[in-house]
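Structural overview
Residues per chain, in single letters:
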Amino acid sequence: MRKLLLKSLNWAFWYVLPGGNRLRQCLFKWALGLSNYVKLEGNVKIECLDGKFKSKIKVGKKCRFENKVEIDITGNVVIGDNCFIAEEVLIRTHKLVLSNNIQYEFVRQGVNIGDGAEINARAYVMEGCNKIGRFATVGAGAVLLEDVPPYAIVAGNPAKIIK
C-alpha cells in the first residue's frame, strides 16, 4: 500500500514543510514507514533521484531530523535508534558513472547509520561512506568519504578521526 501511494502520487521526492499540516506529516511518516516517535522538523527532503523507488528507508525509534535535511534513497538507508541529524545535512546513496560516453548510470550504495549516532550541521555523507558506527559523532561541516567506526569522533574535509 505504501509503495502504491508513493507511485500513485508519482513524486520523485517528499517534503515536510515547516509548521506543516499534521495530517501531511502523518501521511509522510506512514508512506515511508517511519515510527511516530521520529521527530521531523521543517523542510526535511527525502528523494529518490532515479524515480523508481526500489530502495528503502528504515528509521529507528526516537530519531530527530532538523531543518533542511536531505536524504537520497536511491540506495537503501538504515538509521538506527536515538540518532540525531542536524540542520542542512546531506546524505547521498548513489553515484553517477559515465557509460557509453553519452549516458550516466546510477550506481546504488546503501548507508547504515548506527544507534545513537550524531551528525552535526552541514555535514555531507557521500557515496563512499557506507556505514557510520554506533554512537559516532560527525562534526559540523564534515565531508564523509569513508566509513566511520563505532564511538569515533570525526571532523574536517575530508573527515578524519579525531578521537
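This text follows the structure it describes.
The notes below deal with the structure included here. Just so it is clear, the model here is predicted, and its values are computed rather than measured.

Cut-offs used in this document
- Residues numbered from 1 in each chain as written.
- Predicted model: local features only at pLDDT ≥ 70, side-chain atom pairs only at ≥ 80, totals over all residues.
- Heavy atoms only, no water.
- Phe/Tyr/Trp six-rings, centres within 6.5 Å; stacked < 30°, edge-to-face > 60°.
- Helix = DSSP H or I, 4+ residues; strand = E, 2+ residues; numbered from the N terminus.
- Buried < 20%, exposed > 50% of the residue type's maximum accessible area, 1.4 Å probe, protein only.
- Pairing = 2+ DSSP bridges.
- Salt bridge = Lys/Arg side-chain N within 4 Å of Asp/Glu carboxyl O.
- Core = buried A, V, L, I, M, F, W, Y, C linked by side-chain atoms within 4.5 Å.
- Contact = heavy atoms within 4.5 Å.

Examining the packing of aromatic side chains
Inspection of the entire model under this criterion finds one aromatic pair. With a centroid separation of 5.8 Å and an interplanar angle of 15°, the aromatic rings of F135 and Y151 are classed as stacked. A residue pair is termed long-range when its members are at least 10 positions apart, and F135 in the loop between β15 (131–132) and β16 (137–138) and Y151 in the loop between β17 (143–144) and β18 (153–155) qualify at 16 residues. We classify F135 as partly exposed; its relative accessible area is 39%. Under the relative-accessibility criterion, Y151 is labelled exposed at 54%.

Topic: the sheet that holds strand β7 (residues 77–79)
Read across the open sheet, the four strands follow the order β4-β7-β12-β15; overall the sheet is parallel. Two strands in the sheet have a free side with no partner beyond their single neighbour: β4 (57–59) and β15. Note: strand β12 (residues 111–113) against β15, two bridges, orientation parallel. Considered in β15, the bridge of I113 is made with I132.

What about the sheet that holds strand β8 (residues 84–85)?
Overall, mixed pairing links the seven strands, which are arranged β2-β5-β8-β13-β16-β18-β19 in an open sheet. Two strands lie at the open edges of the sheet, namely β2 (39–40) and β19 (160–161), each paired on one side alone. In this structure, β18 lies alongside β19, joined through two bridges in antiparallel fashion. Following the sheet pairing, V154 is matched in β19 by I161.

Observations regarding the pairing of strand β3 (residues 44–47)
Burial of β3 is two-sided: the residues V44 and I46 facing one way and the residues K45 and E47 facing the other way are all buried. Where β3 lies against strand β6 (residues 70–72), three bridges are found, and the strand directions are parallel. Directly across from I46, in β6, lies its bridge partner I71.

A few points about the pattern of salt bridges
Side-chain pairs of opposite charge can arise whenever the charged atoms involved come near each other. Here the structure, examined in full by the defined rule, presents three salt bridges. Of the charged contacts, one joins E66 and R64 as a salt bridge, the two residues approaching to 2.6 Å between their closest N and O atoms. Note on E66: relative accessible area 12%, which makes it buried. Residue R92 pairs with E70 through a salt bridge whose shortest N-O separation is 3.8 Å. With R92 in the loop between β9 (90–91) and β10 (94–99) and E70 in strand β6, this pair connects stretches of sequence that are 22 residues apart.

Overview of the nonpolar core
Counting 33 residues, the largest nonpolar core has F65, I71, I79, I113, I119 and I132 as its most contacted members. Elements represented by at least two residues in this core include exactly β3, β4, β7 and β12. I113 has contacts with V78, I79, G80, C83, I91, I119 and I132, leaving out every residue within four places of it along the chain.

Focus on the environment of G133
One can find G133 in the loop between β15 and β16. In this structure G133 comes out as buried when scored by relative accessible area, which is 1%. Counting along the chain gives 16 residues from G133 to A117, while the straight-line C-alpha distance between them is 7.0 Å. When residues no more than four places from it in sequence are discounted, the contact partners of G133 are G114, A117, V148, P149 and P150.

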